[in-house]
Amino acid sequence: MVETKSMNMPKVSIIVPVYKAEGYLHRCVDSILAQTFTDWELLLIDDGSPDRSGEICDEYAQKDSRVRVIHKENGGVSSARQRGQDVACGKYTIHVDPDDWVEPTMLEELYQKAKDDNADMVICDYYTNEGSQQNYIKQEPTKLDNNVVLYELFQQLHGSCCNKLVKRACYIGKANFPKGINCCEDLIWCILVLKCKPKISYLGKAYYHYMITTTDSQSKSISAERSLQDLKMLHMLESLLCDNKAVLIAMYKRIVPYVMKRAMKTNSFDSSYFKNNFRRYSKWIITSSNHSLILRLVCLSAANGFYYCCKPLVYLMN
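Residues numbered from 1 in each chain as written. Predicted model: local features only at pLDDT ≥ 70, side-chain atom pairs only at ≥ 80, totals over all residues. Heavy atoms only, no water.

## Quick notes on the packing of aromatic side chains
- Tallying each qualifying case throughout the model produces 14 aromatic pairs.
- Geometrically, the ring pair formed by Tyr-92 and Tyr-111 is edge-to-face, given 5.7 Å between the ring centres and 90° between the ring planes. Remark: Tyr-111 occurs in helix H4 (residues 106-117) and Tyr-92 occurs in strand S5 (residues 92-95); sequence separation between them is 19 residues. Neither Tyr-92 nor Tyr-111 differs from the other in exposure class; each is buried.
- Between Phe-269 and Phe-274, the aromatic rings sit 6.4 Å apart at their centres with planes inclined by 90°, giving edge-to-face as the arrangement. Phe-274 carries the same exposure label as Phe-269, and that label is buried. (Phe/Tyr/Trp six-rings, centres within 6.5 Å; stacked < 30°, edge-to-face > 60°. Helix = DSSP H or I, 4+ residues; strand = E, 2+ residues; numbered from the N terminus. Buried < 20%, exposed > 50% of the residue type's maximum accessible area, 1.4 Å probe, protein only.)

## Here's the deal with a nonpolar patch on the surface
- Taken together, Ile-286, Leu-293 and Leu-297 make up a surface patch of nonpolar side chains, about 240 Å² in accessible area.
- Here Ile-286 shows up in helix H10 (residues 282-286).
- Since its relative accessible area comes to 30%, Ile-286 is described here as partly exposed. (Patch = residues over 30% accessible without salt bridge, like charges linked within 9 Å, V, L, I, M, F, W, Y side chains within 5 Å. Areas by Shrake-Rupley, 256 points an atom, 1.4 Å probe, with all protein chains shown as cover. Salt bridge = Lys/Arg side-chain N within 4 Å of Asp/Glu carboxyl O.)

## Comments concerning helix H12 (residues 307-314)
- Among all positions in H12, only Tyr-307, Cys-310 and Val-314 are buried. What you see down the axis of H12 is that its buried residues fit within an arc of 85°, all on one side. Seen from the buried face of H12, the exposed residues on the opposite side, beyond 90 degrees, are Tyr-308, Cys-309 and Pro-312.
- Those residues of H12 that are buried lie in contact with helix H8 (245-266), helix H9 (271-278) and helix H11 (293-303). (Arc of directions from axis to C-beta. Contact = heavy atoms within 4.5 Å.)

Shown next, in the form of structure tokens:
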């Protein structure tokens, strides 16, 4: 590991996991440098990127003392986020992905909201950007209560760490990103933070631009290895939520069809795999309102030993 620069405690640490991001990293970092709020540190975590991403990070660090760069061996996005969290000095932390960008007043207004409300976590809205289309995604919890927000992470709320400013003191030593899981790692982290019972506030404005592409820097075509990570993620969520039946059931309905769909698209598993691992979720698969009827029926069939019968339908699903 190579780390450049250290600094006194800033108000906010911005953590950016970087991998194969040379095509859009400038847009991301420039949007952070343009913040109206200036008391921050930017942690660029180069996750062993084979392109020029690491060099670009170093160039920014040479120009601005608030930028710190860590070069590490490739370990996946979860390990990169965790490395950033481990070295963060800020009172608050927030994450930004390297293919996304933020509005210039994001830190100023989120930090002010945290101060005004004495909040440990401030949730805000965000944008999705796909080509020339931009959509506003509202993220207001129905109640600013830890259990309600936890439940709604499997309903209308996004389990992202990029639209949440979080006080570092409330989760240090209690909420880490999971090892060996690089899908929904931020959802798992958010659950762990919520279990610390932070005081939550909501700011009804969008600052974060989430770029939707078919070649996301943190995503690859789904492999058998990644599907097995998904199953590990599902089991971890079960373990975390076993003490809250309502949230556990909401998780099943949202996550199980998602995990099964990704596994089916690998074309790497046989009928017994789906039956052995997913049959016990049948009740929650068919009653889910989070997914289309065709996906639910395909997953239900696969979970009950009829994967090969419904396999052709997998390719009709987005």
